[in-house]
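Summary of structural features
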Amino acid sequence: MLRDVLQHYGQSGQTGKFIVNCGDQPGEIYLVSGIVAHAEIGVLTGDAAMCEMLGFNGSEHEWVDAVTPRRMTMSSQVQDVLLRVIQMQGNGEFQRIKSEAEKLHAVKSVPESDAAYIIRLNISSAEIEPFGYTIRQKQVRVGRNADNDLPLNDSSVSRRHAMLIQNYEALLVRDLGSMNGLKVDGQPVTQGLVRDGQTLLIGEVEIQVSVTKVDPIIED
């Protein structure tokens, strides 16, 4: 069953995606280091998409190794997602979300995949003069060593402290086994999403995250 395979791949820390065939409608579930990072099927994304795929009788699935989503909308352990799915199926929330999504589907808008985002970090600490850094690549390795993509010369920062993964309008942050950890808006995390206006602490280094959306130029 898909549920059992998801749990196995999550526990083993796999990165890749499941292609789930639910009749005529294929869906996708992405894992990044065993964490559920994105799910979509039809007009549904996130937990609602997981509900749709896990609730379909007779679905078939295949695994594609080492691929990541263009957009990460989730950051949850597989077991946590499965528990939310059970709750949504039981309290009727899934049907409400699905109905609303289908109503909105007819509204035309610029596809999210055609939009661009500029993510800028405003960085400061007691040991570092304030400076700005613009994310210009998919993954940014952060640490005290000078060979990191974003070196932070602060004693609270480990040599290899964290990875920042660009995710459209947010950053997926992942601790690399540091001594002093990560916090998002004051809450300790080992992995999570950081969005516009939120504060990321890497050790004692404060990083204010600013996201600007740049709409695509549509030619006549």
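These remarks concern the structure in this document. (Residues numbered from 1 in each chain as written. Predicted model: local features only at pLDDT ≥ 70, side-chain atom pairs only at ≥ 80, totals over all residues. Heavy atoms only, no water.)

1. Observations regarding the overall build of the chain
Note the following rule: Put simply, DSSP marks the helices as runs of H or I at least four residues long and the strands as runs of E at least two long, and each gets a number from the N terminus on. For every residue, the accessible area obtained with a 1.4 Å probe (protein chains only) is divided by the maximum for its type, and the residue is called buried under 20%, exposed over 50%, and partly exposed between those limits. In this analysis, two residues are considered to be in contact whenever any of their non-hydrogen atoms come within 4.5 Å of each other. With residues, only the protein chains shown are counted as cover, and all accessible areas are computed by Shrake-Rupley using a 1.4 Å probe. Only four residue types enter the tally: Lys and Arg on the positive side, Asp and Glu on the negative side; His and the chain ends are excluded. Here the site of a charge means NZ on Lys, CZ on Arg, CG on Asp, or CD on Glu.
Scanning the chain from terminus to terminus reveals four helices and 17 strands. Taken over the C-alpha atoms alone, the chain extends approximately 55 × 50 × 30 Å along its principal axes. Within the chain, buried positions represent 42% of all 220 residues. A separation threshold of at least 6 residues defines the contact pool for the chain, and within that pool the share at least 24 residues apart is 53%. Accessible surface for the chain amounts to roughly 12100 Å². Of this, 46% is attributable to carbon and sulfur atoms. Charged side chains in the chain number 20 positive and 29 negative. The centres of these two groups are separated by 2 Å.

2. Considering the pairing of strand β8 (residues 131–134)
Here is the rule we go by: When DSSP finds at least two bridges between two strands, those strands are taken to pair.
With four bridges joining them, strand β7 (residues 116–124) and β8 adopt antiparallel strand pairing. Paired with Asn122 across the strands is Gly132, a residue of β8. Linkage of β7 to β8, two consecutive antiparallel strands, is achieved through a turn of six residues.

3. Looking at the pattern of salt bridges
Applied cut-off: Counted as salt bridges are all cases of a side-chain nitrogen of Lys or Arg within 4 Å of a carboxyl oxygen of Asp or Glu.
Under the counting rule described, the total for this entry stands at five salt bridges. Residue Arg84 is joined to Asp47 by a salt bridge in which the shortest nitrogen-to-oxygen separation is 2.7 Å. Remark: Asp47 occurs in helix α2 (residues 46–54) and Arg84 occurs in helix α3 (residues 78–91); sequence separation between them is 37 residues. Asp147 is the salt-bridge partner of Arg160, the closest N and O atoms lying 2.8 Å from each other. Taken as a pair, Arg160 in the loop between β10 (150–151) and β11 (162–167) and Asp147 in the loop between β9 (139–143) and β10 lie far apart in primary sequence, 13 residues in all.

4. Describing the nonpolar core
This is how it is decided: Put simply, a nonpolar core is a bunch of buried Ala, Val, Leu, Ile, Met, Phe, Trp, Tyr and Cys residues held in one set by side-chain atoms that sit within 4.5 Å of each other.
If you look at the biggest cluster of nonpolar residues, it comprises 26 residues, and the most contacted ones within it are Leu121, Leu152 and Leu164. Residues contacting Leu121, with those up to four places away along its chain left out, are Phe131, Gly132, Tyr133, Ile135, Leu150, Leu164, Leu171, Ile207, Gln208 and Val209. Core analysis: the next-biggest nonpolar cluster, separate from the first, contains 24 residues, Cys51, Met53, Leu54 and Met74 among them.

5. Overview of the sheet that holds β8
Rule in force here: Axis lines are fitted through C-alpha atoms, for helices just across the contact stretch, and the angle between N-to-C directions can take any value from 0 to 180 degrees.
Spatially, six strands are ordered β8-β7-β17-β16-β13-β14 in an open sheet, and the strand pairing comes out antiparallel. The open sheet has two edge strands, β8 and β14 (187–189), and neither has a second partner. Looking at each pair of strands side by side, their axes are set apart by 30° on average, direction ignored. As paired elements, β7 and strand β17 (residues 205–214) share nine bridges and run antiparallel to each other. Looking at the pairing, Ile119 lines up with Val211 of β17.

6. Structural notes on the packing of aromatic side chains
So the rule is basically this: Planes of paired rings set the category: under 30 degrees apart is stacked, over 60 is edge-to-face and the rest tilted, where pairs are Phe, Tyr or Trp rings (Trp by its six-membered ring) whose centres lie within 6.5 Å.
Enumeration over the complete set of coordinates arrives at three aromatic pairs. Three or more aromatic residues link up through ring pairs in this structure, and these residues are Tyr9, Phe18 and Trp63.

7. Observations regarding unusual backbone geometry
For Ala66, which is not glycine, the phi torsion reads 65° and is therefore positive. Looking at the secondary structure, you find Ala66 in the loop between β5 (60–65) and β6 (76–77). The backbone phi angle of Asp185 is positive, close to 50°, even though this residue is not glycine. Summarising the element assignment, Asp185 is placed in the loop between β13 (182–184) and β14.

8. A short note on α2
Of all nine residues in α2, nine are buried; the element is thus mostly enclosed. Within α2 the residues assigned to the buried category are Gly46, Asp47, Ala48, Ala49, Met50, Cys51, Glu52, Met53 and Leu54.

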